[in-house]
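Structural features, examined
Residue strings, one per chain:
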Amino acid sequence: MSTPDGGPNYGWYIPNQIPGGCLVAKIGDKGTVFKVGRSLNFTAKSSGLLQLAVGMQGDYAGEGYQFPGEYRVKLRVDPK
């Protein structure tokens, strides 16, 4: 089991920064992945599509592992 903040049994997505199972995001195709977790307020420094995902160790990706479940996200945009 994991929460949007990640789960201790899934190791690290990015060592000592983002735990496995954590809700992550990036802006645009070339953006840097950052931790969203359970809650995050931020101001985007660039424009682009907000992409959300679950951080997962490369060992688990594409190896037939299945992780059923979902995270529900509420998003509020305050345009400037």
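These figures come from a predicted structure and were not determined experimentally.

**Some details on the sheet that holds strand β3 (residues 23-27)**
Pairing between sheet strands relies on hydrogen bonds along the backbone, with the strands arranged either parallel or antiparallel. Here we have 3 strands laid out as an open sheet, ordered β4-β3-β5, and antiparallel in their pairing. Each edge of the sheet is formed by a strand with only one pairing partner; in this case those strands are β4 (34-35) and β5 (50-54). Note: β3 against β5, 5 bridges, orientation antiparallel. Paired with Val24 across the two strands is Ala53, which belongs to β5.

**A look at the packing of aromatic side chains**
Inspection of every chain in the model, using the stated rule, returns 1 aromatic pair. Their ring planes at 65 degrees and their centres at 5.2 Å tell us that Phe34 and Phe42 sit as a pair that is edge-to-face. Taking relative accessible area as the criterion, Phe34 reaches 22% and is therefore assigned partly exposed.

**Observations concerning the pattern of salt bridges**
Pairs may arise between side chains of opposite charge once their charged atoms sit close together. A complete count under the given rule lists 3 salt bridges for this structure. The partner of Arg38 in a salt bridge is Asp5, with the nearest N and O atoms 3.5 Å apart. Of the two residues, Arg38 is situated in the loop between β4 and β5 and Asp5 in the segment before β1 (12-14); the sequence distance between them amounts to 33 residues. You can call Asp5 partly exposed: its relative accessible area is 30%. For the salt bridge of Arg76 with Asp78, the shortest nitrogen-to-oxygen distance reads 3.2 Å.

**Some words on the environment of Gly21**
Along the chain, Gly21 falls in the loop between β2 (18-19) and β3. Residue Gly21 is classed as buried on the basis of its relative accessible area of 10%. Linking Gly21 and Ala53, residues 32 residues apart in sequence, is a C-alpha distance of 9.3 Å. The contact partners of Gly21, leaving out residues within four places of it in the chain, are Ser2, Thr3, Gly6, Tyr10, Val54, Gly55 and Tyr71.

Scoring rules and cut-offs
Residues numbered from 1 in each chain as written. Predicted model: local features only at pLDDT ≥ 70, side-chain atom pairs only at ≥ 80, totals over all residues. Heavy atoms only, no water. Pairing = 2+ DSSP bridges. Helix = DSSP H or I, 4+ residues; strand = E, 2+ residues; numbered from the N terminus. Phe/Tyr/Trp six-rings, centres within 6.5 Å; stacked < 30°, edge-to-face > 60°. Buried < 20%, exposed > 50% of the residue type's maximum accessible area, 1.4 Å probe, protein only. Salt bridge = Lys/Arg side-chain N within 4 Å of Asp/Glu carboxyl O. Contact = heavy atoms within 4.5 Å.

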